Amino acid sequence: MKIVVIGTGYVGLPHAAVLSEYGHEVHAYDIDETRIAAYQSGEAGNIERYVNEPGLADIVAENVNRYLFFTTDVTGVVEETDVFFLCINTPPNRDGSTDMSYYLNAIHHLGNLLAQRHNKQRVVLVNKSTVPIGTARLLESVMREHGVENFGVASNPEFLAQGNAVEGSRRPDRIVIGADTLEDMEILRRLYSQFVNHVRIRYLETTPETAEAIKYVSNTLLLTYISFWNGVGGRLAEAIPNIRMEDLKVGVTADARISTWGSYVSNGAGGSCFGKDIQSLIYQLNHAGRPTDLLRAVYNINEYQKIYLIDRAIHEAHFNFNQKKVALLGLSFKKRTNDMRDSAALRVAESLLSRGVATIQAYDPLAMDEARRNWFNPEKNYLYERITYHDSAVEAIEGTDALYISTDWEEFRGLARTIRTTVKPPYLVIDGRRMLPDFENLVAAGYDYLPVGGLLMRGRSNSSEAYSENDQAIPAIDELPQQVPA
Ligand code: NAD
């Protein structure tokens, strides 16, 4: 089939690439010319600068200019196209609602192009972006406004997890199609023919509104689950001696009804989706006059979790961050990606800077460029000048007074030995991902260890005295992040 994918970011590029693998002719379109030029080059370094996903650059290199074409102008291919996928960014507005401006620009442009078709074959316009419930109807009315003929609209939400985008697209757990007519369902069945009767993949056909709702309910349920473990399991093990977090997880999730996924504690879930989707759902339900207490609690628990360990460092370990040097390991929101959107490390860095740290010595295996270019740019905030970038975890740790592990990169596991050979106690290790199973050796050697989901473990260096020389300067406990409006 002939397909156009509009928007070639974290969702659009893997989707276009995997569809081209199945032999469809895919035209991937974006308004960002430098991005398109990078993809067009077929070179891994250029592609990964925008979307860094295992295996993705290889598929692009293999299919570019054969089945996969990159363009900033789709005028020439509109006539023959069977399906358009909309993979446009839909970020949050300040009030939690969805910023639809990018999406609206894209669909008005598409409406203009489609209205000029000579060939009036059926064309299906599919929302892959996560958009408020009712957006397929909006898409339909915009097309009518432009005078487009013989089209259908559908919702086909994307469920990929970053870091696993290619595998997730090749072997999804489900395909959800929300469309109004059998004709459009049939076109999408042809497109996804390899999944339709698959024994393991759930192929669900439903209404556009149900499909849109499935995406929001899925993401908010996942965040609820994560927040339950952080807000209940973690809190218990942080307050009561002798509760082993890992055993708690095994014992609870042995029940087949309880998911093992998400049953871990961490310094909060980041990424471009969970936070914005739950805010958007709160907004949509508020707008419909329905209560949102559960969703608001989940959102607030998750946001606070991102800086909670800093509060614990101050109030439990009596660590005064003022003028200290702190190593920050991990900047991306999770391992195997350079994406820093809504990353816990952003909140951690802001919190540390506001507490007067002298420097943050940062290291991330993939996200350093991203951090410098897009997030910690000193032109945006002069305090970011206090962030220095280092080529390895060891370099970042050298000369610091404390360490904060924010991302679950495998290379941070078992860092205890490196810490011991690089810095001397008194030293505070704050572990937001429980990455140091051998922490007991550290503690025995005099280092203080403060993990999420566990008690503060004091080293033998009598560090509480060392840290609290300047207790008066310790700021008050962080305020809860801005609450979602009731
Ligand atoms: P992104 O910011 O990485 O990519 C969006 C792309 O759209 C950019 O390349 C941008 O240049 C392009 N674009 C913007 N306006 C355009 C226009 N008028 N015409 C053509 N291209 C245009 O965003 P993303 O992470 O890929 O997310 C896209 C959508 O998918 C969002 O709605 C998001 O919520 C949803 N989603 C994302 C993920 C994820 O893991 N990132 C997972 C599931 C769903």
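Cut-offs applied
- Residues numbered from 1 in each chain as written.
- Predicted model: local features only at pLDDT ≥ 70, side-chain atom pairs only at ≥ 80, totals over all residues.
- Heavy atoms only, no water.
- Helix = DSSP H or I, 4+ residues; strand = E, 2+ residues; numbered from the N terminus.
- Rg over C-alpha atoms; globule rule 2.2 N^0.38 Å.
- Buried < 20%, exposed > 50% of the residue type's maximum accessible area, 1.4 Å probe, protein only.
- Pairing = 2+ DSSP bridges.
- Axes fitted to C-alpha atoms, helices over the stretch in contact; angles between N-to-C directions.
- Contact = heavy atoms within 4.5 Å.
- Near = heavy atom within 4 Å.
- Polar contact = N/O pair within 3.5 Å; in protein donor to acceptor, adjacent residues only side chain to side chain.
- Areas by Shrake-Rupley, 256 points an atom, 1.4 Å probe, with all protein chains shown as cover.
- Nonpolar A, V, L, I, M, F, W, Y, C, P; charged D, E, K, R; others polar.
- Phe/Tyr/Trp six-rings, centres within 6.5 Å; stacked < 30°, edge-to-face > 60°.
- Lys NZ or Arg CZ within 6 Å of the ring centre and 35° of its normal.
- pLDDT = per-residue confidence, 0-100.
- Core = buried A, V, L, I, M, F, W, Y, C linked by side-chain atoms within 4.5 Å.
- Salt bridge = Lys/Arg side-chain N within 4 Å of Asp/Glu carboxyl O.

### Details of the overall build of the chain
When helices and strands are tallied, the chain shows 19 helices and 14 strands. Since a compact globule built from 486 residues should have a radius of gyration of about 23 Å, the 24 Å found for the chain is in line with a globular shape. A principal-axis box enclosing the C-alpha atoms of the chain has dimensions of 80 × 45 × 40 Å. Taking all 486 residues of the chain together, the buried fraction comes to 55%.

### Focus on the sheet that holds strand β12 (residues 402-405)
Pairing between the strands of a sheet comes from backbone hydrogen bonds, and it takes one of two forms, parallel or antiparallel. Strand order in this open sheet of six strands is β11-β10-β9-β12-β13-β14, and the pairing throughout is parallel. Edge positions in the open sheet fall to β11 (387-389) and β14 (448-451), since each of these has one partner strand only. Geometrically, the sheet is characterised by an average inter-axis angle of 20° between neighbouring strands, direction not taken into account. Bridge analysis of strand β9 (residues 325-329) against β12 gives four bridges, and the strand direction is parallel. Bridging across to β12, L329 finds its partner in I405. In the packing of helix α13 (residues 293-315) onto the sheet, the strands contacted are β12, β13 (428-431) and β14, and the crossing angle to β14 comes to about 145°.

### Side note on the sheet that holds strand β2 (residues 25-29)
Taken together, the eight strands give an open sheet; going across it, the order is β3-β2-β1-β4-β5-β6-β7-β8, and neighbouring strands pair in mixed fashion. In this open sheet, the two edge strands, each paired with only one partner strand, are β3 (68-71) and β8 (202-206). Between one strand axis and the next, the sheet turns through 20° on average, direction left out of account. Relative to β2, strand β1 (residues 2-6) runs parallel, the two sharing five bridges. When the sheet's bridge partners are listed, I6 is paired in β2 with Y29.

### Let's talk about the site of the ligand
In the vicinity of the ligand lie 27 residues, with V11, D30, T90, Q162 and K276 positioned nearest. A distance of 3.2 Å separates an oxygen atom of the ligand from a polar side-chain atom of R35. Taking R341, its side chain carries an N or O atom lying 3.0 Å from an oxygen atom of the ligand. Here the ligand, which alone exposes 830 Å², has 92% of that area covered by the protein. Its residues placed into classes, the shell around the ligand shows 11 nonpolar, nine polar and seven charged.

### Quick word on the packing of aromatic side chains
Using the criterion set out here, one finds 10 aromatic pairs in the structure. Arranged with centres 6.1 Å apart and planes meeting at 35°, the rings of Y192 and F195 form a pair that is tilted. Across the pair, exposure class does not vary: Y192 and F195 are buried alike. By the ring-pair criterion, three or more aromatic residues cluster together here, those being Y22, Y192 and F195. We note R372 situated over the ring of Y389; from NZ or CZ to the ring centre the distance is 4.6 Å.

### As for the confidence of the model for the chain
Per-residue pLDDT for the chain averages 93, and the proportion of residues at 70 or more is 94%. Note that residues 469-486 has pLDDT below 50 and, in this model, 36 contacts with residues that lie over four places away or in other chains.

### Quick notes on the side chain of N63
Inspection of the secondary structure assignment puts N63 in helix α4 (residues 56-63). On the basis of relative accessible area, N63 is assigned to the buried category, the value being 5%. Here I59 takes part through its backbone oxygen, which lies 2.9 Å from a polar atom of the side chain of N63.

### Some details on the nonpolar core
With 62 residues, the main nonpolar core has F321, L331 and I419 as its most contacted residues. Top contributing element to this core by residue count: helix α14 (residues 344-354), with six residues. Contacts of F321, omitting those with residues within four sequence positions, involve I310, A313, I314, V326, L352, R355, G356, V357 and I430. A16, A28, I47 and I187 belong to the second largest nonpolar core, which has 41 residues in total.

### What about the pattern of salt bridges?
Summed over all chains, the structure comprises 32 salt bridges. The shortest N-O distance in the salt bridge between K306 and E303 comes to 3.1 Å. One end of the pair is K306 and the other is E303, both in helix α13 and three residues apart, which spans about a single turn. Given a relative accessible area of 7%, E303 falls into the buried group. Connected through salt bridges with shared partners, the residues R137, E140, R144, D180 and E209 form a single ionic network.

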